[in-house]
Amino acid sequence: MSKPLKDLRPVYVVGIGLHRYQFLSNTTYIDLGLTAVRAALADANIEWPTVESAYVGRALLPMACGRPILRHLGATGIPIVHVENASASGSAAFRHACIEVASGLTEVSLALGVDKPMMIARSEGLSGIGNLADDAIAPFTHFALLADQYASQYHVRHEDIALVAVKNHRNGSKNPFAQHQKERTLDEILGGKKIAGTLTSLQCTPVGEGAAAVIVASEGGIKRLGIDASRAVRVAASAGRSQKVNTDATRYDAVLTKETAEIAFREGGISPRELDIVELHDAFTVEEIEYVEAMGICGDGEAILRLKDGEFDIGGRCAVSPSGGLISMGHPIGPTGLGQIVEIARQLRGEAGPRQHPNTRTGLAHMVGVGAVCYVHILQK
Amino acid sequence: MSSPTLLKPTLYRAQGSEDDPHHPALLGGACECGYVFFPLRSYGCERCGRVGLEPRALSGRGKLIASARVHLHGGKTRQAPFTVGSVTLDDGPIVRTLIAGDDVALPGDRMVTTLVPVTDAEGAERLDLRFTPQR
(Lines give C-alpha, C1' and ligand atoms only; values in the text may rest on other atoms or scores of the structure.)
Protein backbone atom coordinates (compact mmCIF):
# COMPACT_ATOMS: atom_id res chain seq x y z
CA MET A 1 0.00 0.00 0.00
CA SER A 2 1.51 3.35 -1.01
CA LYS A 3 1.64 6.22 1.50
CA PRO A 4 1.71 10.02 1.28
CA LEU A 5 4.72 11.91 2.63
CA LYS A 6 2.85 12.98 5.76
CA ASP A 7 2.46 9.34 6.87
CA LEU A 8 6.24 9.00 6.99
CA ARG A 9 8.60 10.78 9.44
CA PRO A 10 7.83 14.55 9.72
CA VAL A 11 10.10 16.78 7.60
CA TYR A 12 10.90 20.44 8.29
CA VAL A 13 12.47 23.26 6.32
CA VAL A 14 15.27 24.47 8.61
CA GLY A 15 17.52 26.54 6.36
CA ILE A 16 16.85 28.83 3.40
CA GLY A 17 19.16 30.81 1.14
CA LEU A 18 19.14 32.62 -2.19
CA HIS A 19 21.44 34.22 -4.68
CA ARG A 20 19.53 37.13 -6.20
CA TYR A 21 17.83 36.33 -9.50
CA GLN A 22 19.40 38.58 -12.13
CA PHE A 23 20.04 39.06 -15.83
CA LEU A 24 22.91 37.03 -17.33
CA SER A 25 26.21 38.22 -15.85
CA ASN A 26 29.81 37.09 -15.45
CA THR A 27 28.98 35.50 -12.09
CA THR A 28 29.88 31.81 -12.34
CA TYR A 29 27.32 29.15 -11.48
CA ILE A 30 29.75 28.16 -8.70
CA ASP A 31 29.33 31.57 -7.07
CA LEU A 32 25.56 31.49 -7.58
CA GLY A 33 25.22 28.07 -5.95
CA LEU A 34 27.70 28.64 -3.11
CA THR A 35 26.03 31.91 -2.14
CA ALA A 36 22.66 30.20 -1.75
CA VAL A 37 24.00 27.13 0.11
CA ARG A 38 26.14 29.19 2.50
CA ALA A 39 23.13 31.41 3.24
CA ALA A 40 20.98 28.34 3.95
CA LEU A 41 23.62 26.83 6.26
CA ALA A 42 23.93 30.14 8.13
CA ASP A 43 20.14 30.39 8.36
CA ALA A 44 19.92 26.90 9.89
CA ASN A 45 23.04 27.63 11.95
CA ILE A 46 24.61 24.29 11.04
CA GLU A 47 27.91 23.28 9.45
CA TRP A 48 28.21 21.76 5.97
CA PRO A 49 29.49 18.33 7.18
CA THR A 50 26.13 17.75 8.94
CA VAL A 51 24.35 17.64 5.55
CA GLU A 52 24.01 14.01 4.45
CA SER A 53 22.80 14.26 0.85
CA ALA A 54 22.25 16.83 -1.90
CA TYR A 55 19.67 17.12 -4.67
CA VAL A 56 20.68 19.64 -7.34
CA GLY A 57 17.89 20.95 -9.59
CA ARG A 58 18.92 22.44 -12.90
CA ALA A 59 17.44 22.47 -16.38
CA LEU A 60 19.86 24.48 -18.51
CA LEU A 61 23.36 23.98 -17.07
CA PRO A 62 25.17 20.98 -18.60
CA MET A 63 25.42 17.65 -16.79
CA ALA A 64 26.97 17.28 -13.34
CA CYS A 65 27.06 20.88 -12.09
CA GLY A 66 26.60 19.85 -8.43
CA ARG A 67 29.99 18.71 -7.22
CA PRO A 68 31.90 21.56 -8.91
CA ILE A 69 29.85 23.83 -6.62
CA LEU A 70 29.64 21.76 -3.43
CA ARG A 71 33.33 20.71 -3.32
CA HIS A 72 34.16 24.26 -2.27
CA LEU A 73 32.30 23.73 1.00
CA GLY A 74 34.64 20.82 1.76
CA ALA A 75 34.19 17.61 -0.21
CA THR A 76 32.45 15.43 2.38
CA GLY A 77 31.66 12.59 -0.01
CA ILE A 78 27.86 12.78 0.34
CA PRO A 79 25.64 11.44 -2.45
CA ILE A 80 24.70 14.10 -5.02
CA VAL A 81 21.73 13.63 -7.36
CA HIS A 82 21.01 15.97 -10.26
CA VAL A 83 17.35 16.58 -10.98
CA GLU A 84 16.04 17.84 -14.32
CA ASN A 85 12.30 18.42 -14.57
CA ALA A 86 12.03 21.52 -16.78
CA SER A 87 10.64 24.50 -14.86
CA ALA A 88 9.81 22.20 -11.96
CA SER A 89 13.41 20.98 -11.49
CA GLY A 90 13.82 22.78 -8.14
CA SER A 91 10.42 21.59 -6.92
CA ALA A 92 11.33 18.00 -7.80
CA ALA A 93 14.71 18.34 -6.02
CA PHE A 94 12.84 19.58 -2.94
CA ARG A 95 10.33 16.73 -3.02
CA HIS A 96 13.05 14.09 -3.24
CA ALA A 97 15.15 15.67 -0.48
CA CYS A 98 12.01 15.60 1.69
CA ILE A 99 11.32 11.97 0.76
CA GLU A 100 14.84 10.95 1.76
CA VAL A 101 14.52 12.58 5.17
CA ALA A 102 10.96 11.30 5.67
CA SER A 103 12.03 7.76 4.83
CA GLY A 104 14.70 7.82 7.51
CA LEU A 105 17.64 7.40 5.11
CA THR A 106 19.00 10.80 6.17
CA GLU A 107 18.32 13.33 8.93
CA VAL A 108 19.51 16.40 7.05
CA SER A 109 19.41 16.90 3.26
CA LEU A 110 19.98 19.80 0.89
CA ALA A 111 17.99 20.81 -2.18
CA LEU A 112 19.84 23.31 -4.35
CA GLY A 113 18.58 24.91 -7.55
CA VAL A 114 21.00 26.71 -9.82
CA ASP A 115 20.99 27.78 -13.47
CA LYS A 116 22.31 30.25 -15.99
CA PRO A 117 20.61 31.21 -19.26
CA MET A 118 21.73 28.82 -21.98
CA MET A 119 20.40 27.39 -25.21
CA ILE A 120 17.24 25.44 -24.45
CA ALA A 121 16.93 22.07 -26.20
CA ARG A 122 13.76 20.05 -25.71
CA SER A 123 13.53 16.30 -26.16
CA GLU A 124 10.03 16.58 -27.58
CA GLY A 125 11.56 18.11 -30.70
CA LEU A 126 13.52 14.87 -31.22
CA SER A 127 10.48 12.60 -30.87
CA GLY A 128 9.98 12.21 -34.62
CA ILE A 129 6.40 13.42 -34.22
CA GLY A 130 5.68 16.43 -36.41
CA ASN A 131 3.54 19.44 -35.66
CA LEU A 132 1.66 21.91 -37.85
CA ALA A 133 3.13 25.05 -36.29
CA ASP A 134 6.02 23.84 -34.10
CA ASP A 135 8.30 26.64 -35.25
CA ALA A 136 5.65 29.33 -34.72
CA ILE A 137 4.48 28.73 -31.14
CA ALA A 138 7.01 29.78 -28.49
CA PRO A 139 5.93 29.39 -24.83
CA PHE A 140 4.72 33.01 -24.70
CA THR A 141 2.56 32.36 -27.76
CA HIS A 142 1.06 29.27 -26.11
CA PHE A 143 0.06 31.45 -23.15
CA ALA A 144 -1.13 34.30 -25.40
CA LEU A 145 -3.53 31.76 -26.92
CA LEU A 146 -4.68 30.69 -23.45
CA ALA A 147 -5.20 34.35 -22.48
CA ASP A 148 -7.40 34.83 -25.54
CA GLN A 149 -9.29 31.64 -24.70
CA TYR A 150 -9.86 32.76 -21.09
CA ALA A 151 -10.92 36.28 -22.13
CA SER A 152 -13.35 34.84 -24.64
CA GLN A 153 -14.77 32.25 -22.23
CA TYR A 154 -15.35 34.61 -19.30
CA HIS A 155 -15.82 37.87 -21.23
CA VAL A 156 -12.99 39.64 -19.45
CA ARG A 157 -10.78 42.38 -20.84
CA HIS A 158 -7.14 41.65 -21.61
CA GLU A 159 -6.23 44.77 -19.58
CA ASP A 160 -7.70 43.07 -16.53
CA ILE A 161 -5.47 40.02 -16.98
CA ALA A 162 -2.50 42.44 -16.93
CA LEU A 163 -3.46 43.48 -13.37
CA VAL A 164 -1.64 40.32 -12.22
CA ALA A 165 1.59 41.97 -13.37
CA VAL A 166 0.79 45.21 -11.47
CA LYS A 167 0.43 43.22 -8.23
CA ASN A 168 3.45 41.01 -8.79
CA HIS A 169 5.79 43.85 -9.78
CA ARG A 170 4.62 45.71 -6.65
CA ASN A 171 5.46 42.64 -4.50
CA GLY A 172 8.79 42.16 -6.27
CA SER A 173 9.74 45.81 -5.70
CA LYS A 174 9.97 44.88 -1.99
CA ASN A 175 12.07 41.75 -2.56
CA PRO A 176 15.85 42.29 -2.56
CA PHE A 177 16.33 38.94 -4.32
CA ALA A 178 13.95 39.74 -7.22
CA GLN A 179 15.25 40.26 -10.75
CA HIS A 180 12.76 43.11 -11.35
CA GLN A 181 12.48 45.37 -8.30
CA LYS A 182 10.39 48.16 -9.72
CA GLU A 183 6.73 48.97 -9.19
CA ARG A 184 4.86 49.37 -12.49
CA THR A 185 1.58 51.03 -13.42
CA LEU A 186 -1.00 49.30 -15.58
CA ASP A 187 -0.23 51.81 -18.36
CA GLU A 188 3.48 50.99 -18.20
CA ILE A 189 2.71 47.28 -18.40
CA LEU A 190 0.22 47.58 -21.27
CA GLY A 191 2.43 50.07 -23.12
CA GLY A 192 5.50 47.82 -23.03
CA LYS A 193 6.91 45.82 -25.88
CA LYS A 194 4.27 43.64 -27.57
CA ILE A 195 5.19 39.96 -27.53
CA ALA A 196 2.25 37.83 -28.69
CA GLY A 197 -1.49 38.40 -28.57
CA THR A 198 -2.05 40.94 -25.81
CA LEU A 199 0.98 39.83 -23.77
CA THR A 200 3.54 42.58 -23.27
CA SER A 201 7.08 42.09 -21.97
CA LEU A 202 6.27 43.02 -18.34
CA GLN A 203 3.56 40.34 -18.32
CA CYS A 204 6.18 37.70 -19.07
CA THR A 205 8.86 36.28 -16.77
CA PRO A 206 12.37 37.57 -17.50
CA VAL A 207 15.16 35.20 -18.56
CA GLY A 208 17.83 35.17 -15.87
CA GLU A 209 20.21 33.37 -13.53
CA GLY A 210 20.28 32.69 -9.79
CA ALA A 211 20.28 30.05 -7.08
CA ALA A 212 18.07 28.89 -4.23
CA ALA A 213 18.90 26.44 -1.43
CA VAL A 214 16.69 24.73 1.12
CA ILE A 215 17.87 22.46 3.94
CA VAL A 216 15.34 19.95 5.28
CA ALA A 217 15.65 17.95 8.49
CA SER A 218 13.85 15.42 10.65
CA GLU A 219 12.88 16.07 14.28
CA GLY A 220 15.87 13.93 15.29
CA GLY A 221 18.18 16.06 13.14
CA ILE A 222 16.78 19.29 14.58
CA LYS A 223 17.37 18.07 18.16
CA ARG A 224 20.80 16.58 17.54
CA LEU A 225 22.13 19.68 15.79
CA GLY A 226 20.50 22.17 18.14
CA ILE A 227 18.54 23.83 15.32
CA ASP A 228 16.05 26.48 16.49
CA ALA A 229 12.78 24.50 16.25
CA SER A 230 10.68 27.67 16.55
CA ARG A 231 11.86 28.71 13.06
CA ALA A 232 11.34 25.27 11.49
CA VAL A 233 8.51 24.96 8.97
CA ARG A 234 6.67 21.64 8.50
CA VAL A 235 6.29 20.15 5.03
CA ALA A 236 2.61 19.21 5.34
CA ALA A 237 2.08 17.78 1.86
CA SER A 238 4.00 16.94 -1.31
CA ALA A 239 2.40 15.95 -4.61
CA GLY A 240 3.81 15.43 -8.09
CA ARG A 241 1.91 14.45 -11.25
CA SER A 242 2.28 14.42 -15.03
CA GLN A 243 -0.18 15.17 -17.80
CA LYS A 244 -2.84 12.63 -18.76
CA VAL A 245 -5.02 12.61 -21.85
CA ASN A 246 -7.75 15.14 -21.22
CA THR A 247 -10.49 16.72 -23.22
CA ASP A 248 -9.35 20.27 -22.46
CA ALA A 249 -6.21 19.62 -24.52
CA THR A 250 -4.75 23.15 -24.63
CA ARG A 251 -5.34 23.91 -20.93
CA TYR A 252 -3.28 20.94 -19.77
CA ASP A 253 -1.31 22.96 -17.21
CA ALA A 254 -4.48 24.11 -15.46
CA VAL A 255 -6.06 20.64 -15.55
CA LEU A 256 -2.86 19.15 -14.14
CA THR A 257 -2.64 21.87 -11.50
CA LYS A 258 -6.16 21.06 -10.30
CA GLU A 259 -5.40 17.36 -10.04
CA THR A 260 -2.05 17.82 -8.27
CA ALA A 261 -3.36 20.47 -5.86
CA GLU A 262 -6.31 18.24 -4.91
CA ILE A 263 -3.88 15.47 -3.93
CA ALA A 264 -1.85 17.90 -1.81
CA PHE A 265 -4.94 19.36 -0.11
CA ARG A 266 -6.16 15.86 0.72
CA GLU A 267 -2.76 14.88 2.10
CA GLY A 268 -2.44 18.06 4.15
CA GLY A 269 -6.05 17.89 5.37
CA ILE A 270 -6.69 21.50 4.45
CA SER A 271 -9.01 23.29 2.03
CA PRO A 272 -7.84 25.81 -0.61
CA ARG A 273 -9.71 28.58 1.19
CA GLU A 274 -7.47 28.09 4.25
CA LEU A 275 -4.32 29.14 2.39
CA ASP A 276 -2.68 32.35 3.58
CA ILE A 277 -0.06 32.58 0.83
CA VAL A 278 0.54 30.93 -2.53
CA GLU A 279 3.61 30.99 -4.73
CA LEU A 280 2.63 29.72 -8.18
CA HIS A 281 3.99 29.39 -11.72
CA ASP A 282 3.05 32.84 -13.02
CA ALA A 283 5.51 32.88 -15.92
CA PHE A 284 2.78 34.74 -17.84
CA THR A 285 -0.08 36.77 -16.33
CA VAL A 286 -2.87 34.48 -17.53
CA GLU A 287 -1.29 31.58 -15.66
CA GLU A 288 -1.96 33.11 -12.25
CA ILE A 289 -5.60 33.66 -13.23
CA GLU A 290 -5.97 30.07 -14.41
CA TYR A 291 -4.15 28.43 -11.49
CA VAL A 292 -5.88 30.23 -8.59
CA GLU A 293 -9.15 29.02 -10.12
CA ALA A 294 -7.80 25.51 -10.82
CA MET A 295 -6.62 25.20 -7.21
CA GLY A 296 -10.00 26.31 -5.88
CA ILE A 297 -8.71 29.48 -4.21
CA CYS A 298 -11.62 31.17 -5.98
CA GLY A 299 -14.37 29.95 -8.30
CA ASP A 300 -14.04 29.51 -12.07
CA GLY A 301 -14.18 32.84 -13.87
CA GLU A 302 -13.85 34.81 -10.59
CA ALA A 303 -10.10 35.43 -10.43
CA ILE A 304 -10.21 38.88 -12.05
CA LEU A 305 -12.92 40.06 -9.64
CA ARG A 306 -11.02 38.76 -6.63
CA LEU A 307 -7.80 40.31 -7.93
CA LYS A 308 -9.55 43.68 -8.32
CA ASP A 309 -10.97 43.35 -4.79
CA GLY A 310 -7.39 43.04 -3.49
CA GLU A 311 -7.95 39.51 -2.16
CA PHE A 312 -4.64 38.32 -3.64
CA ASP A 313 -2.61 41.29 -2.35
CA ILE A 314 -0.23 41.05 0.59
CA GLY A 315 -2.64 41.74 3.44
CA GLY A 316 -5.60 40.36 1.44
CA ARG A 317 -7.42 37.07 1.97
CA CYS A 318 -4.66 35.01 0.35
CA ALA A 319 -1.45 36.68 -0.85
CA VAL A 320 -0.57 35.26 -4.28
CA SER A 321 3.07 35.54 -5.39
CA PRO A 322 4.18 37.72 -2.43
CA SER A 323 7.79 37.25 -3.62
CA GLY A 324 6.87 38.92 -6.92
CA GLY A 325 6.39 35.53 -8.53
CA LEU A 326 8.05 34.46 -11.74
CA ILE A 327 6.95 37.70 -13.42
CA SER A 328 8.90 39.94 -11.06
CA MET A 329 11.21 37.80 -8.90
CA GLY A 330 12.18 35.88 -12.02
CA HIS A 331 12.42 32.34 -13.30
CA PRO A 332 16.02 31.12 -13.63
CA ILE A 333 14.45 27.60 -14.08
CA GLY A 334 16.45 25.31 -11.75
CA PRO A 335 16.15 27.57 -8.67
CA THR A 336 12.55 28.74 -9.15
CA GLY A 337 10.62 26.02 -7.32
CA LEU A 338 13.06 26.21 -4.40
CA GLY A 339 12.86 30.01 -4.34
CA GLN A 340 9.14 29.57 -3.73
CA ILE A 341 9.86 27.36 -0.69
CA VAL A 342 12.31 30.01 0.58
CA GLU A 343 9.65 32.73 0.31
CA ILE A 344 6.96 30.63 1.99
CA ALA A 345 9.26 29.64 4.86
CA ARG A 346 10.22 33.30 5.34
CA GLN A 347 6.58 34.36 5.39
CA LEU A 348 5.56 31.55 7.79
CA ARG A 349 8.34 32.57 10.17
CA GLY A 350 7.22 36.21 9.99
CA GLU A 351 10.60 37.27 8.60
CA ALA A 352 9.50 38.71 5.23
CA GLY A 353 9.96 42.36 6.27
CA PRO A 354 8.14 44.92 4.10
CA ARG A 355 6.27 42.23 2.15
CA GLN A 356 5.17 40.23 5.20
CA HIS A 357 1.63 38.88 4.89
CA PRO A 358 0.02 39.04 8.38
CA ASN A 359 -0.85 35.91 10.39
CA THR A 360 0.58 33.46 7.88
CA ARG A 361 0.11 29.85 8.95
CA THR A 362 -0.28 27.89 5.72
CA GLY A 363 1.45 28.37 2.37
CA LEU A 364 1.39 26.52 -0.94
CA ALA A 365 4.08 26.27 -3.62
CA HIS A 366 3.12 25.28 -7.18
CA MET A 367 5.17 24.71 -10.30
CA VAL A 368 4.40 23.30 -13.70
CA GLY A 369 7.05 22.30 -16.20
CA VAL A 370 7.20 21.43 -19.86
CA GLY A 371 6.08 17.86 -20.36
CA ALA A 372 3.80 18.64 -18.66
CA VAL A 373 4.68 17.94 -15.03
CA CYS A 374 3.33 19.57 -11.89
CA TYR A 375 4.36 19.81 -8.23
CA VAL A 376 2.47 21.15 -5.23
CA HIS A 377 3.88 21.49 -1.71
CA ILE A 378 2.05 22.75 1.36
CA LEU A 379 4.06 24.20 4.24
CA GLN A 380 2.76 25.01 7.70
CA LYS A 381 4.01 26.69 10.87
CA MET B 1 6.73 23.07 -64.43
CA SER B 2 5.31 20.70 -61.84
CA SER B 3 3.13 22.03 -59.02
CA PRO B 4 4.85 22.64 -55.65
CA THR B 5 5.12 19.71 -53.25
CA LEU B 6 3.79 19.73 -49.69
CA LEU B 7 6.09 21.10 -46.97
CA LYS B 8 4.95 18.56 -44.34
CA PRO B 9 3.45 15.61 -46.24
CA THR B 10 3.36 13.42 -43.09
CA LEU B 11 0.88 15.83 -41.47
CA TYR B 12 -1.63 16.66 -44.23
CA ARG B 13 -2.57 15.94 -47.84
CA ALA B 14 -4.09 18.03 -50.65
CA GLN B 15 -6.99 15.57 -50.98
CA GLY B 16 -9.86 16.03 -48.55
CA SER B 17 -11.33 13.48 -46.16
CA GLU B 18 -14.38 11.32 -46.75
CA ASP B 19 -16.49 13.71 -44.65
CA ASP B 20 -15.12 16.85 -46.26
CA PRO B 21 -13.67 16.31 -49.74
CA HIS B 22 -13.25 20.05 -50.38
CA HIS B 23 -10.56 20.90 -47.83
CA PRO B 24 -7.14 19.28 -47.30
CA ALA B 25 -7.29 16.47 -44.76
CA LEU B 26 -5.13 16.19 -41.65
CA LEU B 27 -3.33 12.85 -41.27
CA GLY B 28 -4.31 11.65 -37.83
CA GLY B 29 -4.83 8.27 -36.24
CA ALA B 30 -7.31 6.27 -34.23
CA CYS B 31 -7.07 3.52 -31.63
CA GLU B 32 -9.41 0.61 -30.93
CA CYS B 33 -10.20 2.32 -27.60
CA GLY B 34 -11.88 5.15 -29.50
CA TYR B 35 -9.12 7.73 -29.05
CA VAL B 36 -8.66 9.90 -32.15
CA PHE B 37 -5.47 11.93 -32.36
CA PHE B 38 -3.31 14.16 -34.55
CA PRO B 39 -0.71 13.75 -35.91
CA LEU B 40 -0.43 10.04 -36.67
CA ARG B 41 2.17 8.30 -34.52
CA SER B 42 2.89 4.63 -34.23
CA TYR B 43 4.67 4.37 -30.86
CA GLY B 44 1.50 3.51 -28.91
CA CYS B 45 -1.83 4.98 -27.82
CA GLU B 46 -1.49 7.84 -25.35
CA ARG B 47 -4.79 6.91 -23.74
CA CYS B 48 -4.59 3.10 -23.40
CA GLY B 49 -1.08 2.06 -24.49
CA ARG B 50 -2.18 -0.20 -27.35
CA VAL B 51 0.06 -0.50 -30.41
CA GLY B 52 -1.18 -1.08 -33.94
CA LEU B 53 -2.80 2.35 -34.35
CA GLU B 54 -4.75 2.98 -37.56
CA PRO B 55 -4.20 6.01 -39.80
CA ARG B 56 -7.30 8.20 -40.14
CA ALA B 57 -7.74 11.19 -42.46
CA LEU B 58 -9.37 13.90 -40.34
CA SER B 59 -11.64 16.49 -41.89
CA GLY B 60 -10.13 19.94 -42.43
CA ARG B 61 -12.94 21.65 -40.55
CA GLY B 62 -13.21 22.90 -37.01
CA LYS B 63 -13.96 25.76 -34.66
CA LEU B 64 -11.54 28.42 -33.45
CA ILE B 65 -10.97 28.46 -29.67
CA ALA B 66 -8.38 31.23 -29.55
CA SER B 67 -5.97 33.20 -31.69
CA ALA B 68 -2.93 35.39 -31.12
CA ARG B 69 -1.03 37.77 -33.35
CA VAL B 70 2.67 37.09 -32.76
CA HIS B 71 4.74 40.30 -32.68
CA LEU B 72 8.07 38.86 -31.55
CA HIS B 73 9.52 35.63 -32.84
CA GLY B 74 13.01 34.23 -32.41
CA GLY B 75 12.97 31.53 -35.08
CA LYS B 76 14.90 32.21 -38.28
CA THR B 77 12.42 30.45 -40.55
CA ARG B 78 9.54 32.83 -39.96
CA GLN B 79 9.15 36.58 -39.75
CA ALA B 80 6.74 38.21 -37.26
CA PRO B 81 4.04 39.36 -37.35
CA PHE B 82 1.90 36.32 -38.06
CA THR B 83 -1.20 34.80 -36.47
CA VAL B 84 -1.61 31.44 -34.75
CA GLY B 85 -4.75 29.79 -33.46
CA SER B 86 -6.15 26.83 -31.52
CA VAL B 87 -8.76 24.93 -33.50
CA THR B 88 -10.99 22.10 -32.28
CA LEU B 89 -11.35 19.78 -35.27
CA ASP B 90 -14.81 18.42 -36.00
CA ASP B 91 -13.19 14.98 -35.57
CA GLY B 92 -12.16 15.78 -31.98
CA PRO B 93 -8.47 16.65 -31.61
CA ILE B 94 -7.39 20.24 -30.89
CA VAL B 95 -4.58 21.56 -33.11
CA ARG B 96 -2.34 24.58 -32.84
CA THR B 97 -1.99 26.08 -36.29
CA LEU B 98 -1.05 29.10 -38.35
CA ILE B 99 -3.93 31.26 -39.59
CA ALA B 100 -3.69 32.17 -43.29
CA GLY B 101 -2.25 35.60 -44.11
CA ASP B 102 -3.88 38.51 -42.33
CA ASP B 103 -7.21 36.76 -41.90
CA VAL B 104 -9.05 37.90 -38.80
CA ALA B 105 -10.75 35.08 -36.93
CA LEU B 106 -12.59 35.22 -33.63
CA PRO B 107 -13.22 32.50 -31.06
CA GLY B 108 -16.23 30.49 -32.17
CA ASP B 109 -15.61 31.04 -35.90
CA ARG B 110 -15.87 28.03 -38.21
CA MET B 111 -12.45 27.31 -39.75
CA VAL B 112 -11.27 25.25 -42.72
CA THR B 113 -7.90 24.12 -44.02
CA THR B 114 -6.22 25.61 -47.05
CA LEU B 115 -2.81 25.20 -48.69
CA VAL B 116 -0.69 28.30 -49.21
CA PRO B 117 2.61 28.75 -51.08
CA VAL B 118 5.68 29.11 -48.83
CA THR B 119 9.42 29.08 -49.42
CA ASP B 120 11.31 26.27 -47.70
CA ALA B 121 14.78 26.43 -46.10
CA GLU B 122 16.42 25.67 -49.48
CA GLY B 123 14.51 28.47 -51.23
CA ALA B 124 12.12 26.16 -53.11
CA GLU B 125 8.42 26.89 -53.38
CA ARG B 126 6.24 24.46 -51.39
CA LEU B 127 2.69 24.30 -50.07
CA ASP B 128 1.98 24.50 -46.34
CA LEU B 129 -1.26 24.09 -44.42
CA ARG B 130 -3.13 27.00 -42.84
CA PHE B 131 -6.57 27.44 -41.33
CA THR B 132 -8.83 30.21 -42.54
CA PRO B 133 -12.32 31.33 -41.53
CA GLN B 134 -15.00 29.53 -43.56
CA ARG B 135 -16.73 31.99 -45.89
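This text follows the structure it describes.
Below: a short report on this structure.

Here is what the cut-offs are and how they apply
- Residues numbered from 1 in each chain as written.
- Chains lettered and ligands numbered in written order.
- Predicted model: local features only at pLDDT ≥ 70, side-chain atom pairs only at ≥ 80, totals over all residues.
- Helix = DSSP H or I, 4+ residues; strand = E, 2+ residues; numbered from the N terminus.
- Rg over C-alpha atoms; globule rule 2.2 N^0.38 Å.
- Buried ≥ 20, exposed ≤ 12 C-beta atoms within 10 Å, placed from the backbone.
- Axes fitted to C-alpha atoms, helices over the stretch in contact; angles between N-to-C directions.
- Contact = placed C-beta atoms within 7 Å.
- Nonpolar A, V, L, I, M, F, W, Y, C, P; charged D, E, K, R; others polar.
- Pairing = 2+ DSSP bridges.
- Parallel < 35°, antiparallel > 145°, perpendicular 65-115°, else oblique.
- Left-handed = near helix turned anticlockwise from the far one by under 90°.
- Expected span 1.5 Å × (residues − 1).
- Core = buried A, V, L, I, M, F, W, Y, C linked by C-beta atoms within 7 Å.

Turning our eyes to something else, we now look at the overall build of chain B. Check the secondary structure of chain B and you find 0 helices and 10 strands. Listed by position from the N terminus, the elements making up chain B come as β-β-β-β-β-β-β-β-β-β. On C-alpha atoms alone, chain B measures out to a radius of gyration of 16 Å, which is about the 14 Å that the 2.2 N^0.38 rule sets for 135 residues. A burial count over chain B gives 39% of its 135 residues as buried.

For the rest of this paragraph, the subject is the packing of helix α3 (residues 89–103) of chain A against helix α13 (residues 336–349) of chain A. Residue and element names in this part refer to chain A. α13 packs onto α3 with a crossing angle of 65° between their chain directions and a minimal axis gap of 5 Å. Between α3 and α13, the contacting residues are Ser89, Gly90, Ser91, Ala93 and Phe94 on the first element and Thr336, Gly337, Leu338 and Ile341 on the second. Taken together, the residues of the contact of α3 with α13 break down into 4 nonpolar, 5 polar and no charged.

Let us look at the sheet that holds strand β10 (residues 319–320) of chain A. Residues and elements named next belong to chain A. One open sheet accounts for 10 strands, arranged β3-β2-β4-β7-β1-β8-β12-β11-β9-β10; its pairing is mixed. Edge positions in the sheet fall to β3 (80–83) and β10, since each has one partner strand and no second. As defined by bridge partners, strand β4 (residues 108–115) adjoins strand β7 (residues 209–217) across 8 bridges and the pair is classed as antiparallel. Residue pairing in the sheet places Gly113 in a bridge with Ala212 of β7. Along the sheet face, helix α1 (residues 29–44) touches β1 (12–22), β4 and β7 and points at about 145° away from the line of β1. With respect to the sheet, helix α9 (residues 252–268) is in contact with β8 (233–242), β11 (362–369) and β12 (373–380), its orientation differing from that of β8 by roughly 140°.

So, about the environment of Thr205 of chain A. Residues and elements named next belong to chain A. With respect to the helices and strands, Thr205 occurs in the loop between β6 (199–200) and β7. The class of Thr205 is buried, set by 27 C-beta atoms lying within 10 Å. In this view, Thr205 contacts Ala283, Leu326, Ile327, Gly330 and His331; residues no more than four positions away in its chain are not counted.

Before going further, it helps to examine the interface of chain B and chain A. The interface of chain B with chain A comprises 30 residues on the first partner and 21 residues on the second. Listed by contribution, the elements that provide at least two residues to the side of chain B that touches chain A are β6 (61–70), β7 (82–89) and β8 (94–98) of chain B. For the side of chain B that touches chain A, the leading source of residues is β6 of chain B, giving 6 residues. A per-class count over the side of chain B that touches chain A returns 14 nonpolar, 9 polar and 7 charged.

This next bit is on the packing of helix α4 (residues 139–154) of chain A against helix α10 (residues 285–294) of chain A. All names here are of chain A. Here α4 crosses α10 at 55°, and the two axes come no closer than 9 Å. Comparing their axes, α10 and α4 come out oblique. Read as a crossing pair, α4 and α10 show a hand that is left-handed. For the pair α4 and α10, contact is made by Phe143, Leu146, Ala147 and Tyr150 and by Val286, Glu287, Ile289 and Glu290, respectively. Its residues assigned to classes, the contact of α4 with α10 shows 6 nonpolar, no polar and 2 charged.

Before going further, it helps to examine the environment of Glu293 of chain A. All names here are of chain A. Tracing the backbone through its elements, the reader meets Glu293 in helix α10. In this structure Glu293 comes out as buried when scored by C-beta crowding, with 21 C-beta atoms within 10 Å. Linking Glu293 and Asp43, residues 250 residues apart in sequence, is a C-alpha distance of 35 Å. In this view, Glu293 contacts Cys298, Gly299, Asp300, Glu302 and Ala303; residues no more than four positions away in its chain are not counted.

A separate point is the pairing of β8 of chain B. Burial runs high along β8 of chain B: 4 of the 5 residues are buried. Here β7 of chain B folds back onto β8 of chain B in antiparallel fashion, the turn holding 4 residues, of which Gly92 of chain B has a positive phi close to 120°.

This part covers α3 of chain A. In this model α3 of chain A runs 21 Å from its N-terminal to its C-terminal C-alpha over 15 residues, within 8% of the 21 Å that 1.5 Å per residue would give. The buried count for α3 of chain A comes to 13 of 15 residues, which makes it a mostly enclosed element.

On to the nonpolar core, then. Judged by nonpolar contacts, the single largest core of 159 residues is most densely connected at Val13, Val214 and Val216 of chain A. Discounting residues that sit within four places of it in the chain, Val13 of chain A has contacts with Val214, Val216, Ala232, Val233, Val235, Ile341, Ala345 and Leu379 of chain A.

What follows deals with α4 of chain A. End to end, α4 of chain A covers 23 Å across 16 residues, agreeing with the expected 22 Å (1.5 Å per residue, within 8%). Of the positions making up α4 of chain A, those classed as buried are Phe140, Thr141, Phe143, Ala144, Leu145, Leu146, Ala147, Asp148, Gln149, Tyr150 and Ala151 of chain A. For α4 of chain A, the secondary structure elements touched by its buried residues are α5 (158–161), β5 (194–196), β6 and α10 of chain A together with β6 and β7 of chain B. In the stretch just after α4 of chain A, His155 of chain A is the one whose phi turns positive, near 55°.

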